[in-house]
Amino acid sequence: RATRGGEEVRAYVPSMGQIFLRRFQMVTQFRQALEEGQVSVHYQPKVSLPSRQVLGVEALVRWVHPEFGKLDPDEFVPAIEAAGLIGVLTGFVLEQALIRVRKWMDEGLRISVAVNLSVRNLSDLDFPKKVVEALRRFGVPAELLTFELTESGVMADPQKALPILRELHALGIVLAVDDFGTGYSSLAYLRQLPVDEVKIDKSFVLGMGTDLGDLAVVRSIVELGHSLGLTVVAEGVEEDIARDQLEAMGCDVAQGYLISRPLAEDRLEAWLQARTA
Ligand code: C2E
Ligand code: CA
Ligand code: CA
Ligand code: CA
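Think of each chain on its own: its residues are numbered from 1, step by step along the sequence as written. Here every chain gets a letter starting at A, and every ligand a number starting at 1, in the order they are written. Totals for whole chains, interfaces and linings use every residue, but because this is a predicted model, local features are given only for residues with pLDDT of at least 70 and side-chain atom pairs only at 80 or more, for both listing and counting. Excluding hydrogens and water, the side-chain values take into account all heavy atoms of the structure.

Visitor: Looking at this structure, I do not really get the coordination of the calcium ion (ligand 3). What am I missing?
Guide: For a metal with four tetrahedral donors the ideal donor-metal-donor angle is 109.5 degrees, whereas six octahedral donors ideally subtend 90 or 180 degrees. Around the calcium ion (ligand 3), the donor atoms from the protein are Asp-178 (OD), Asp-179 (OD), Glu-235 (OE) and Glu-235 (OE), and they sit 2.2 to 2.4 Å away. Only nitrogen, oxygen and sulfur atoms count as donors, using a 2.8 Å cut-off from the metal that widens to 3.2 Å for Na, K and Ca. Water is left out, so coordination shells may look unfilled. Separating the calcium ion (ligand 3) from the calcium ion (ligand 2) is a gap of 4.1 Å, which Asp-178 spans by donating to each of them. One end of the pair, Asp-178, is in strand β8 (residues 174-180); the other, Glu-235, is in the loop between β10 (231-234) and α10 (240-249), and 57 residues separate them in sequence. Exposure classes here rest on a 1.4 Å probe applied to the protein chains alone. A residue is buried below 20% of its type maximum, exposed above 50%, and partly exposed in between. Classification of Asp-178 as buried rests on a relative accessible area of 7%. A relative accessible area of 8% means that Glu-235 is categorised as buried. Only DSSP runs of H or I with at least four residues qualify as helices, and only runs of E with at least two residues qualify as strands; both kinds are numbered from the N terminus onward.

In structure tokens, the structure reads:
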């Protein structure tokens, strides 16, 4: 406990033991949390530039824990991953996402969904088979499903990741490199990956208004992406000016708080209706 001017400052700094215990609880309680409906999926729209048409949504997992409250996916996803439970999490998110796309299809809407994968999903050789089975079960065409994978995830073990990525790609699933620009600059590798899309990491997009270095990175990813025939997506679009700059550079797709925050399913429906009304 620190003191400032004689006054006690109660900064909550969890001890190692508390962090360990919390992670342990998350991991042991995850399956039960799924059954009890504590875990859900929110969706964040992606719009095309310059038309602003809604092309798709990204599925983002949410967990409201009865004791800890809203858990940050950046905290619990790695814990679930390390515990070998990522297949369960991905299976849940994928199923929810495909149910959502199916409902849109039944309403005559063509909106795709992107699901985040962990590199550990690619250790499961049956993963592509499970995905095909899920697409069939809900009658969703592969083109309406995107998988987002981080650059560092794929590069950690390309020998293992590549065959599975090729299999998914051959099925017609769209593959995106997430957080692009943050990992080891694997520009040469990008050519060899069966990817369709690059997502510029939000740190560069958030910084491009004030930092010329960030602006240069964004500009060069747009150019590089296009020269490789890829769709370029910018995440973290929070300001009009960022969207306008991205549009001027020829960036294809924008995602961020300016367009919409990630929304629960009912709120997303209301958002979509308000836009098309
Ligand atoms: P990500 O895939 O890079 O997702 C983008 C994150 O940026 C999301 O955080 C989103 O809410 C946030 N974001 C979106 N627009 C803006 C913006 O304009 N400004 C700012 N500052 N942030 C924005 P979230 O939902 O907390 O997820 C964090 C990370 O957790 C994700 O990063 C992803 O790596 C992981 N994650 C989330 N859901 C899943 C999932 O279902 N499976 C896996 N494997 N990972 C997931
Ligand atoms: Ca993502
Ligand atoms: Ca990202
Ligand atoms: Ca991220």
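Visitor: Explanation requested: the site of ligand 1 in the structure shown.
Guide: Close to ligand 1 lie 24 residues, the nearest being Gln-44, Arg-62, Asn-116, Glu-238 and Tyr-257. Here a nitrogen atom of ligand 1 and a side-chain polar atom of Gln-44 are 3.0 Å apart. Residue Asp-179 places a side-chain N or O atom 3.3 Å away from an oxygen atom belonging to ligand 1. Burial of ligand 1 by the surrounding chains reaches 87%, relative to a free accessible area of 800 Å². At the level of secondary structure, the elements contributing two or more residues to the shell around ligand 1 comprise β4 (54-65), α2 (73-82), α3 (86-106), β8 and α8 (202-207). At 4 residues, the largest contribution of residues to the shell around ligand 1 is made by β4. The residue classification treats Ala, Val, Leu, Ile, Met, Phe, Trp, Tyr, Cys and Pro as nonpolar and Asp, Glu, Lys and Arg as charged. All others, Gly included, are polar. When its residues are assigned to classes, the shell around ligand 1 shows 11 nonpolar, 5 polar and 8 charged. Consider each residue's heavy atoms; a residue with any of them within 4 Å of a molecule or strand counts as near. In the analysis that follows, any N or O atom pair within 3.5 Å is treated as a polar contact, provided that within protein one partner can donate a hydrogen and the other can accept it, and provided that, for residues neighboring in sequence, both atoms belong to side chains. Residue-level accessible areas treat just the shown protein chains as cover; the underlying method is Shrake-Rupley with a 1.4 Å probe.

Visitor: Sorry if this is basic, but what is going on with the confidence of the model for the protein here?
Guide: In regions of low pLDDT, the predicted coordinates are not meant to be interpreted in detail. Along the chain, pLDDT gives the predictor's confidence residue by residue, from 0 to 100. Taken over all residues, the pLDDT of the protein has a mean of 92, while the share at 70 or more is 95%. Scored as a complex, the prediction yields pTM 0.94 and ipTM 0.98.

Visitor: Would you mind going over the pairing of strand β6 (residues 112-116) with me for this structure?
Guide: Within a regular strand, the side chains alternate between the two sheet faces. The element β6 is extensively covered by neighbouring structure, given that 4 of its 5 residues are classed as buried. Pairing of β4 with β6 involves 4 bridges; the strand directions are parallel. In the sheet register, Gly-56 faces β6, and the bridge partner there is Ser-112. Judged from the 4 bridges that link them, β6 and strand β7 (residues 145-150) form a sheet pairing that is parallel. Looking across to β7, one finds that Ala-114 is bridged to Thr-146. Pairs of strands are assigned from DSSP output, requiring at least two bridges between the strands.

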